[in-house]
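Survey of secondary and tertiary structure
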Amino acid sequence: MANTWGYGAMTNHVGDMAKNSKMILFIGANSAVANPVGAMKHALQARDRNGAKIVVVDPNFTRTAAKADMYIRIRPGTDIAFVYGMLHLIFKNGWEDKELIKTRTYAVDEIKAEAEKWDPKEVANVTGCKEEELIEFTRMFATTKPATLCWALGITQHSIGSSNTRILALLQLILGNMGKPGGGCNILRGHDNVQGATDMCNLSDSLPAYYGLADNAWKHFCKGWGVDYEQFIKRFAVSTKQPHEKQGEKVPGTNFTEYFHYDPSIEQDVINWRNEKGFSLSKWWQGVLKNEPVLSSGNVRVLWVQGTGITSMAHVRETQEALGKIDMLVVAEPFLNEVAILNDRPDGIYVLPVATQFESEGHLSATNRSGQWRTQIVKPLFESKEDQEVMFLFAKKFGFYDEYVRGMKMGIVDGELKQVKDDFVWPDDATDEIARNTQSIGNNGRTAARFRRQQKNWHLFDPDTLRGIGGEVEGEYYGLPWPCWDTQHPGTPILYDVTKPYADGGMGFRNRFGLEHDGVSQLADESITLPGSKISGGHAEITKANIEQVLGITLSEDEKTKMGPTWSTDYSGIIAKKCREFGICPCGNARARAKVWQFADQIPKHREPIHSPRWDLVEKYPTFADQKRNFRVFTRFISEQKKQDWSKDFPTIVSSLRLVNLSGAGMIERTSKYLSAITPEMFAHVNPKLAADKGIKDGEMMWIHSPQGTKIKVKCIYSHAVTPDRIVMPYNFAGIFQGEDLSERYPEGTKPYIRGESSNTITNYGFDINTQISEFNAGLCRLERA
């Protein structure tokens with residue numbers, strides 16, 4: 001999921017929730033069983049310590065719901081409708097934070113106008129909740145302060161996932177819970193370095209720290225890496241539309257037209273591929289199969305898998321087919337990734353044994369943006385190597401090792417970036433390179449030396465506030481949660497808190513989208529000033545062009561020469577230093593925008609899932625128009641949704657659940673006979689009434705069919721946690737594909753104790769319009785006794 005501050009990154013932290021929250025909403029999150037399970041512990045602590053109420057809104061009665069004060073069941077894919085129902089009541093009763101809306105937001109009036117359409121009757125019709133539940137809960141949540149909410153993949157894994165996250169952040173903004181202890185959005189990012197991996201942007205549409213793919217971003221990193229920009233960009237292809245080139249050719253057996261070097265529907269004569277999104281993890285296979293229009297400079301020929309469970313991604317059938325057509329598959333994992341045995345190709349597969357985190361050293365970033373240093377426990381076992389060693393060997397083999405590691409030899413000397421050493425020390429110099437190059441999230445203060453110092457003094461931090469309470473970490477926050485603007489800054493435990501001075505982690509909303517829109521200022525009101533700041537009210541992000549005007553200073557010629565163009569590309573540190581002196585954040589002090597004018601839906605809107613069980617609502621709340629180009633591929637929306645009334649042939653909703661003993665595709669834990677014994681086979685929870693209607697007994701095997709023509713064979717487990725219109729099942733299994741046991745394909749000694757069908761074999765077609773995350777949690781299926 002692509003991230004923006006407050007949408008994909010936790011604004012507060014779980015210790016803050018335990019200490020301060022009086023109201024906690026879990027929506028699309030089952031923290032009693034899902035990583036990090038510690039969030040559930042802190043929620044229960046908030047109940048014990050603060051009398052906090054816990055409410056769960058979820059399509060299924062989960063283990064988290066079992067501990068809740070109130071549980072509300074809604075239909076998968078209707079979260080936006082539910083929240084608009086809350087906002088309808090909030091505005092009607094005057095429960096919104098009028099002062100915050102006036103001084104720190106933009107376009108909330110458009111949210112209010114949309115909310116007027118969502119009275120309790122319509123919300124109940126669309127979501128399936130009861131009107132009285134909505135009214136009772138909204139009163140509780142809106143009138144109890146501070147209130148926080150937690151979400152996870154149940155919110156993001158939809159064709160409207162990015163809108164889901166926006167509406168939840170807007171709910172907290174409108175109620176005045178943002179930037180407050182005990183409030184905010186506590187997004188649960190999964191296991192211990194999901195946030196860190198996201199910050200490094202291991203994605204196809206961004207450089208590290210969310211810099212994007214524009215040339216200014218490439219220039220910034222080339223400088224930080226110590227490589228020549230003009231030489232570096234020669235690595236990337238440039239495609240030119242020639243007059244004799246065809247407008248595209250029909251793909252045999254399909255209704256689609258394939259575009260190789262350009263998309264003629266887009267006015268673009270020259271394509272610099274360095275500026276184009278790559279293929280996403282969700283649809284990488286489309287770059288191989290070409291069964292839909294593709295904008296690409298060539299075919300995907302090699303798949304390198306390192307640190308991700310491919311079988312936990314959607315569309316396993318397409319993945320299997322693509323694996324048979326690529327030139328080479330490389331799997332670099334501590335435990336065999338089952339992508340290696342999914343296709344029966346006889347050669348071209350390379351399995352590289354990579355060390356575990358216990359055999360490695362370095363820092364990671366937790367769900368709350370805090371970093372933590374991990375010391376190596378044992379040396380890599382047998383012939384396994386640490387991840388970076390594999391990449392170093394690759395770089396040496398293909399002749400770019402010196403360029404690859406040069407960034408770790410760089411440093412700032414008297415305000416100028418230059419190579420300062422002949423060799424590097426791993427992982428310290430890598431950590432410092434990350435801190436130096438990723439100013440856009442305020443990473444500059446997160447150095448290896450500070451992380452190591454905090455590791456030695458972890459006992460001196462208050463777990464509720466994260467504050468260092470003595471010794472050499474006095475005043476720092478544990479993990480230096482970003483933004484941590486420089487090595488004197490303590491970190492930011494709560495984003496957007498304007499009651500604290502800059503030097504104590506205070507900040508306003510980022511100024512990311514210009515100074516005005518439609519004639520309205522995008523800067524915060526004059527009354528919004530950080531304590532101790534020499535600059536009153538809202539201000540723009542600080543750049544070389546405006547720093548003298550905003551701060552009322554005159555730079556020396558030397559400072560002008562050394563200073564980078566903006567706060568996020570300034571290696572000299574001068575902008576951060578000047579901002580510290582004036583008590584302001586380099587990223588500005590602006591209004592939070594409720595309206596994203598670059599998006600297809602400028603404000604969040606309810607749209608029915610691609611495969612909706614409510615054909616009567618598809619006309620009223622249709623999905624988006626088809627996308628001609630996103631992540632290089634054509635993506636169906638409305639054409640798929642309206643192809644037929646899918647609910648006639650596939651009447652049952654299907655979504656995913658978590659298992660506390662398995663994570664991701666389960667490729668690690670299913671190699672443990674003890675963890676495997678807890679859930680020894682793949683299953684689906686089915687309401688007894690639905691199962692009886694299909695003639696399926698408790699414990700019997702059944703087939704689950706999808707609209708895409710795929711099927712899986714799993715055990716039916718009777719459960720009243722689900723209603724008769726839906727089923728849920730885990731996504732932690734692999735090794736069986738559409739009834740075929742793939743056991744014989746495992747290399748000797750790698751076969752896990754348990755295998756099962758991957759639920760993602762039947763995941764319905766559907767992707768988020770902005771991030772291309774798959775619609776795992778709102779599909780349709782049909783059950784049949786095996």
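Residues numbered from 1 in each chain as written. Predicted model: local features only at pLDDT ≥ 70, side-chain atom pairs only at ≥ 80, totals over all residues. Heavy atoms only, no water.

Some points on the overall build of the protein chain
When its secondary structure is counted, the protein chain shows 27 helices and 30 strands. Computed over its C-alpha atoms, the radius of gyration of the protein chain comes to 26 Å, within 12% of the 28 Å expected for a compact globule of 786 residues. Seen through its principal axes, the protein chain has C-alpha atoms that stretch 80 × 65 × 60 Å. Buried positions account for 59% of the 786 residues belonging to the protein chain. (Helix = DSSP H or I, 4+ residues; strand = E, 2+ residues; numbered from the N terminus. Rg over C-alpha atoms; globule rule 2.2 N^0.38 Å. Buried < 20%, exposed > 50% of the residue type's maximum accessible area, 1.4 Å probe, protein only.)

Regarding the UniProt feature "domain: Molybdopterin dinucleotide-binding" (unreviewed entry) in the protein chain
Sequence positions flagged by UniProt for "domain: Molybdopterin dinucleotide-binding" (unreviewed entry) are, in local numbering, residues 665-777. Between the first and last C-alpha atoms of residues 665-777 the distance is 16 Å; the span itself is 11% helix and 26% strand. (UniProt positions renumbered as here; feature names shortened; annotations may be inferred.)

Regarding the nonpolar core
With 84 residues, the main nonpolar core has Phe82, Tyr84, Leu87, Phe137, Phe141 and Leu171 as its most contacted residues. With 10 residues, the single largest contributor to this core is helix α3 (residues 79-93). For this core, the two domains that each supply at least three residues are domain 1 (1-190) and domain 3 (615-785). Other than its neighbours up to four places away in sequence, Leu87 contacts Ile111, Ala115, Ile167, Leu171 and Ile174. Phe279, Leu323, Tyr746 and Phe767 belong to the second-largest nonpolar core, a separate cluster that totals 27 residues. (Core = buried A, V, L, I, M, F, W, Y, C linked by side-chain atoms within 4.5 Å. Domains from an automatic or database assignment. Contact = heavy atoms within 4.5 Å.)

Re the side chain of Thr198
By secondary structure assignment, the location of Thr198 is in helix α10 (residues 194-199). Classification of Thr198 as buried rests on a relative accessible area of 11%. A polar side-chain atom of Thr198 sits 2.8 Å from a polar atom in the side chain of Arg189. (Polar contact = N/O pair within 3.5 Å; in protein donor to acceptor, adjacent residues only side chain to side chain.)

Examining the sheet that holds strand β30 (residues 779-785)
The strand order β22-β26-β23-β25-β24-β30 describes a closed barrel built from 6 strands, whose pairing is mixed. With strand direction ignored, the average angle separating the axes of adjacent strands in the sheet is 45°. Where strand β23 (residues 683-686) meets strand β26 (residues 726-730), 2 bridges bridge the pair, whose relative direction is antiparallel. In the strand pairing of β26, His685 is matched with Val728. (Pairing = 2+ DSSP bridges. Axes fitted to C-alpha atoms, helices over the stretch in contact; angles between N-to-C directions.)

What to know about the packing of α3 against helix α5 (residues 108-115)
Between α3 and α5, the shortest axis-to-axis distance is 8 Å and the interhelical angle comes to 105°. Put simply, α3 runs roughly perpendicular to α5. Contact with α3, carried on its side by Tyr84, Leu87, His88 and Phe91, involves Val108, Ile111, Lys112, Glu114 and Ala115 of α5 and no other residues of that element. Within the contact of α3 with α5, the residues separate by chemical class into 6 nonpolar, 1 polar and 2 charged. (Parallel < 35°, antiparallel > 145°, perpendicular 65-115°, else oblique. Nonpolar A, V, L, I, M, F, W, Y, C, P; charged D, E, K, R; others polar.)

So, the packing of aromatic side chains
For the structure shown, the criterion picks out 25 aromatic pairs. When the ring of Phe392 is compared with that of Tyr404, the centres are 6.0 Å apart and the planes differ by 80°; the resulting orientation is edge-to-face. Taken together, the residues span a long stretch of sequence, with Phe392 in helix α16 (residues 387-397) and Tyr404 in helix α17 (residues 401-406) at a distance of 12 residues. Among the residues examined, Tyr404 registers a relative accessible area of 38% and is labelled partly exposed. Between Phe400 and Tyr404, the ring centres sit 5.9 Å apart and the planes meet at 85°, which makes this aromatic pair edge-to-face. Residue Phe400 is classed as partly exposed on the basis of its relative accessible area of 24%. Within the aromatic cluster, the residues linked to one another by ring pairs are Trp304, Phe392, Phe394, Phe398, Phe400, Tyr401, Tyr404, Phe424 and Trp426. Directly above the ring of Phe631 sits Lys277, whose terminal nitrogen or CZ lies 4.5 Å from the centroid. Here the guanidinium or amino end of Arg593 rests over the ring plane of Trp597, the centre of that ring lying 4.6 Å away. (Phe/Tyr/Trp six-rings, centres within 6.5 Å; stacked < 30°, edge-to-face > 60°. Lys NZ or Arg CZ within 6 Å of the ring centre and 35° of its normal.)

Description of the sheet that holds strand β28 (residues 740-741)
Read across the open sheet, the 3 strands follow the order β28-β27-β29; overall the sheet is mixed. One side of each edge strand has no neighbouring strand; the edge strands of this open sheet are β28 and β29 (756-757). Relative to β29, strand β27 (residues 735-737) runs parallel, the two being bridged by 2 bridges. Bridging from a neighbouring strand, Gly735 pairs with Gly756 of β29.

Describing the side chain of Ser774
Within the secondary structure, Ser774 sits in the loop between β29 and β30. Apart from residues lying up to four places away in sequence, Ser774 is in contact with Gln157, His158, Ser282, Ala314, Gly766 and Phe767.

A word on the pattern of salt bridges
According to the stated counting rule, one finds 39 salt bridges in the structure shown. Among the salt bridges present, the one from Glu292 reaches Arg636, with a minimum N-O distance of 2.1 Å. Here Arg636 lies in the loop between β21 (633-635) and α24 (638-641) and Glu292 lies in the loop between α13 (286-289) and β10 (302-305), a separation of 344 residues in the sequence. The class of Glu292 is buried, set by a relative accessible area of 3%. Judged by relative accessible area, which is 17%, Arg636 ranks as buried. Within this structure, Lys283, Glu292, Arg636 and Glu640 form a network of salt bridges that share partners. (Salt bridge = Lys/Arg side-chain N within 4 Å of Asp/Glu carboxyl O.)

Thoughts on empty space enclosed by the protein
The final tally for this structure, using the stated rule, is 7 cavities of 30 Å³ or more. Size it by volume and the largest cavity reaches roughly 120 Å³. Per element, the largest residue contribution to the lining of the largest cavity is 3 residues, and it comes from strand β22 (residues 652-657). Looking at the lining of the largest cavity, its residues break down into 5 nonpolar, 7 polar and 1 charged. If you add up the space inside the second largest cavity, you get close to 70 Å³. (1 Å grid on protein atoms, 1.4 Å probe; cavity = no way out; pocket = protein on both sides within 12 Å on 5 of 7 lines; lining within 4 Å. Points joined across faces, edges and corners; volume = space filled by probe spheres on them.)

Looking at a nonpolar patch on the surface
Nonpolar side chains collect at one region of the surface, where Phe358, Ile377, Val378, Leu381 and Phe382 lie side by side and expose about 590 Å² of accessible area between them. Tracing the sequence through the fold places Leu381 in the loop between β14 (371-374) and α16. Residue class for Leu381 comes out partly exposed when judged on its relative accessible area of 48%. (Patch = residues over 30% accessible without salt bridge, like charges linked within 9 Å, V, L, I, M, F, W, Y side chains within 5 Å. Areas by Shrake-Rupley, 256 points an atom, 1.4 Å probe, with all protein chains shown as cover.)

Structural notes on α5
When α5 is considered as a whole, its buried residues turn out to be Val108, Ile111, Glu114 and Ala115. Relative to the axis of α5, the buried residues are bounded by an arc of 115° and lie together on one face. Lining the buried residues of α5 we find α3, α4 (98-104), β4 (105-106) and α9 (161-174). (Arc of directions from axis to C-beta.)

Remarks on the packing of α3 against α9
The interhelical angle for the contact between α3 and α9, taken along N-to-C directions, is 20°, at an axis separation of 9 Å. One finds that α3 runs roughly parallel with respect to α9. Pair α3 / α9 crosses with left-handed handedness. Contacts between α3 and α9 pair Asp79, Ile80, Val83, Tyr84, Met86, Leu87, Ile90 and Phe91 from the former with Ser163, Asn164, Ile167, Leu168, Leu171 and Ile174 from the latter. Grouping the constituent residues of the contact of α3 with α9 by class yields 11 nonpolar, 2 polar and 1 charged. (Left-handed = near helix turned anticlockwise from the far one by under 90°.)

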